[in-house]
Amino acid sequence: MANGIEERPGRETRLVVLVVAVSVAVLMLLARFRFPPANLTTVAPTPGPFAGLAARATFDDMAATIAALMTKITPGLAVVPLVPVPTDPPVPVKPSAKAPAPPALPPAPPVVPSIFAVAVRVRPDVGVVAMPAGMQLATEPGVAGGPELIALETARGVASLRLPPPSDTSPAVPDAVDRFSGFAYVAVVTATANGPTLRPVFIGRVDHSPDAAWGAPTVQIGRDSGVPSGALIYALDGRFIGLAIERTGGISIVPAPTLDSVFAAAASGSGGAAR
Amino acid sequence: MAVPRDIRRREIGGQDPLDRRLGPPPPTPLVWLLSLLRTRSALGLAPSLTPAVIFLPLGALLGPLGLGLISTRILSRLDVAVTIALAVIGVMVGIALGREIRHAQRLFIAASLESLITIGAVAAATAYFAATTGLPIDAPLAALALALGLSASASSATSADPDSEPVAAVATRVADLDDVLPIAIAVVAMAIVPSADPGPRWILSLLPIAAGIAIGAIGGLVFERAESGAERAVFVLGTLSLAGGAAAYLHVSPLGVGLVAGLCWTIVPGRADRIVQDDLRRVQHPLVVLLLVTAGAMWTPSIAAVWLLTPYLLFRLAGKVTGAWVSAWFLDVSASDLAAYLISPGVLAVAFALNFRQVLPPATGDMVLSTVAIATAAFELFAVAVVPHWRREDRR
């Protein structure tokens, strides 16, 4: 082939043109189709390449601990609705002969729980709840099986309740922390309309001081501890520390052994500690 | 393909003069297939099959969608090793660049042109196809197109025996050098891809260079001070792990960090590049196997990946043929021969896909990896067939 050298680039150029033309033609043909519609699903983002080897964050452990604790202690808790104590109706004044008749009073609104409180079972059927001043248990008339007030301890700011039995067979009365010394993360249980909820709180310095109302020392944790009055305090291992109540110096925790000795004994009729 | 000479006399079945003028008879398909398996080798396992053909399907078989021996949890753990393996591949490309760039600038320009044309062809086709067909993607269209384009640009010329003929030697060097530009583009692309990192983008594109220089300096300082071979190997592996770890921490391309580090070790005085190359030779094959098996195990079948496969295959082929045609003007080789050798994508295509999977949103990342994995196996098989066929036609 005399002109083989000239032929070869020509053949290669034709090859390039052919390949490109075929590719473009097929692309144009395929582009006439529409991708079948499908719902995109939300998936978790891909973790970083070293996420597997990195130590898990303490907060993740904390969240897992709190979630596990929630499952563990829920049978020992009950959420009860509270409403303000109705004020006394005004004394009707005898109308004078000249004065016009007063308008008729509007009908009383239905009882709607304004806040919720969480009660801890000191016995399977007896619970203790912090009762703020001016509040009372909201009881629906004609509804059986709800919480019933046993005794209101005004001086202590708590009330004992008769509670329906827990739905499961797990032990409802938790183990107690004998003496809480502070400087620890605890789980603070508060109430929502849908049930109890937990959040971790660090409690620093605490002071054990005598409390005349309880006849035993309570644990003062101060005002800025992040623990609201009426909350239940649990150790992260599930043991019950106590009930937070409002005192003059701030929030104090009534230790679990004190609650147990006062209310469990009172409910069983062996003591008359209720004041 | 070597054809044994028939020395039999024509009276007992040997060739007569007419037979010799007609040439050897065309082989049957079975003979042709067996000749492929006999004539070349890879890893010593199956003579003619490249690692991608073996280990990508093996990974898919062992992966979560197959036998489940490689679970999702193991895959997440393997991400660490994959990142380091990508850095190692970057180092190898950097060392090749450092050695060739001094006396083969023309070759480097030709290789970069070839890869640039392939990137452009595949990226443009992918973007047009995805936009026209309404392909559902959870990433910017440009990011998907660029990821596939960069993955398509990789060539390994694994079907070429550098000692067999001049064009194979040139193709091998082009395949070594055509990975440099895609890695550089990948470094910039990963800085552009939207991420949660609020830092300035230009810093992200400079970080791989800074990290690579720092790791290159560390390696240059410690490699030659090792008192034993074992200590030196520890230094090398530790430095490579540092390259991968730094890239992962900075959310930049480990390929880019490794490239700069490898380039530093080649440019600076001393034997750092040879030390690294000697030690990498021991881990090179396990790392290739690890990358391919991991990519196979991560393969997720999806309709979108199948849809993207056709434009990817077509336009990678078109890009390689066109790129080789343009590069042939700079090199004294036949464009068709060069294109035939560059068809084989090798492990670097999978490496690019794994790298982009780490930064793209999950659905798009899986789509890119699945498309590239299937296409890589297909092109490797195609290369097995096309090169001997090509050579046989040339001999006629």
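Calculation notes
Residues numbered from 1 in each chain as written. Chains lettered and ligands numbered in written order. Predicted model: local features only at pLDDT ≥ 70, side-chain atom pairs only at ≥ 80, totals over all residues. Heavy atoms only, no water. Helix = DSSP H or I, 4+ residues; strand = E, 2+ residues; numbered from the N terminus. Buried < 20%, exposed > 50% of the residue type's maximum accessible area, 1.4 Å probe, protein only. Contact = heavy atoms within 4.5 Å. Areas by Shrake-Rupley, 256 points an atom, 1.4 Å probe, with all protein chains shown as cover. Expected span 1.5 Å × (residues − 1). Arc of directions from axis to C-beta. Pairing = 2+ DSSP bridges. Axes fitted to C-alpha atoms, helices over the stretch in contact; angles between N-to-C directions. Salt bridge = Lys/Arg side-chain N within 4 Å of Asp/Glu carboxyl O. Polar contact = N/O pair within 3.5 Å; in protein donor to acceptor, adjacent residues only side chain to side chain. Nonpolar A, V, L, I, M, F, W, Y, C, P; charged D, E, K, R; others polar. pLDDT = per-residue confidence, 0-100. Patch = residues over 30% accessible without salt bridge, like charges linked within 9 Å, V, L, I, M, F, W, Y side chains within 5 Å.

Asker: Talk me through the overall build of chain A; I want residue IDs and the actual numbers.
Answerer: Per the secondary structure count, chain A includes three helices and 13 strands. A total of 275 residues make up chain A; the buried ones form 33% of that total. Residue pairs in contact within chain A that sit at least 24 positions apart in sequence constitute 66% of those at least 6 positions apart. With an accessible surface of roughly 16600 Å², chain A has 62% of that area assigned to carbon and sulfur atoms.

Asker: Got a sec to walk through helix α2 (residues 58-73) of chain A? Specific residues and values, please.
Answerer: Residues and elements named next belong to chain A. Compared with an ideal rise of 1.5 Å per residue, which puts 16 residues at 22 Å, α2 spans 22 Å between its outermost C-alpha atoms and is within 8% of the ideal. Among the residues making up α2, those that are buried are M62, I66, L69 and I73. Each buried residue of α2 sits inside an arc of 65 degrees when the element is viewed along its axis, so together they form one side.

Asker: Residue-level account of the sheet that holds strand β10 (residues 216-222) of chain A, with values.
Answerer: The strands making up a sheet associate through backbone hydrogen bonding, with each pair oriented either parallel or antiparallel. All names here are of chain A. Sheet architecture is open: seven strands sit in the order β8-β7-β11-β12-β13-β10-β9, paired in antiparallel fashion. In this open sheet, the two edge strands, each paired with only one partner strand, are β8 (195-203) and β9 (207-211). Strand after strand, the sheet turns through a mean of 35 degrees between neighbouring axes, direction not considered. Of the pairings in the sheet, the one linking strand β7 (residues 184-192) to β8 comprises nine bridges and is antiparallel in character. Residue V188 lies in a different strand from β8, and its bridge partner there is R199. Sheet contacts for α2: β7, β8 and β11 (232-235); angle to β8, the most-contacted strand, approximately 135 degrees.

Asker: Can you tell me about the pattern of salt bridges, naming the residues and giving the values?
Answerer: Side chains carrying opposite charge are able to pair once their charged atoms draw close together. Residue and element names in this part refer to chain A. All told, the structure shown has 12 salt bridges over all chains when counted by the stated rule. D211 is the partner of R247 in a salt bridge, and the nearest nitrogen-oxygen pair spans 2.9 Å. A residue pair is termed long-range when its members are at least 10 positions apart, and R247 in strand β12 (residues 240-247) and D211 in strand β9 qualify at 36 residues. Under the relative-accessibility criterion, D211 is labelled buried at 11%.

Asker: Let's hear about the interface of chain A and chain B: which residues, and what values?
Answerer: Residue-level contacts link 29 residues of chain A with 36 residues of chain B. Put simply, chain A and chain B have zero salt bridges between them. Counting across the chain A and chain B interface gives six residue pairs in polar contact (both at pLDDT 80 or more). Here the side of chain A that touches chain B is built from residues that sort into 21 nonpolar, four polar and four charged.

Asker: I'd like a rundown of the confidence of the model for chain A, residues and numbers included.
Answerer: Residues and elements named next belong to chain A. The pLDDT averaged across chain A works out to 76; a share of 70% of its residues lies at or above 70. Within chain A, no element has a lower average pLDDT than helix α3 (residues 256-268), which sits at 74, and none a higher one than β11, at 92. Long-range and interchain partners of residues 1-5, a stretch whose pLDDT sits below 50, account for one contact in this model, where long-range means more than four residues apart. The model gives residues 270-275 a pLDDT under 50, and that stretch makes 13 contacts with residues more than four places away or in other chains.

Asker: Summarise the environment of S156 of chain B; cite the residues concerned and give the values.
Answerer: Residues and elements named next belong to chain B. Relative to the assigned elements, S156 resides in the loop between α6 (141-153) and α7 (166-177). Owing to a relative accessible area of 23%, S156 belongs among the partly exposed residues under this scheme. Residues S156 and Y341, spaced 185 residues apart in sequence, show a C-alpha to C-alpha distance of 8.4 Å. The contact partners of S156, leaving out residues within four places of it in the chain, are A175, S344, P345, G346 and E380.

Asker: So, a nonpolar patch on the surface: which residues are in play, and what are the values?
Answerer: All names here are of chain B. Side chains of W202, I203, L206, I209 and I213 sit close together on the surface and give an oily, nonpolar patch of about 480 Å² of accessible area. You can see I213 is positioned in helix α9 (residues 201-222). Here I213 falls in the partly exposed class, since its relative accessible area comes to 45%.

Asker: Which residues make up the confidence of the model for chain B, and what are the values?
Answerer: Residue and element names in this part refer to chain B. Averaged over every residue, the pLDDT of chain B is 81; the share at 70 or more is 81%. Confidence scores differ between elements of chain B, with helix α2 (residues 29-39) showing the lowest mean pLDDT of 60 and helix α11 (residues 254-267) the highest of 92. For residues 392-396, every residue scores under 50 in pLDDT, and the model assigns this stretch five contacts once sequence neighbours within four places are set aside.

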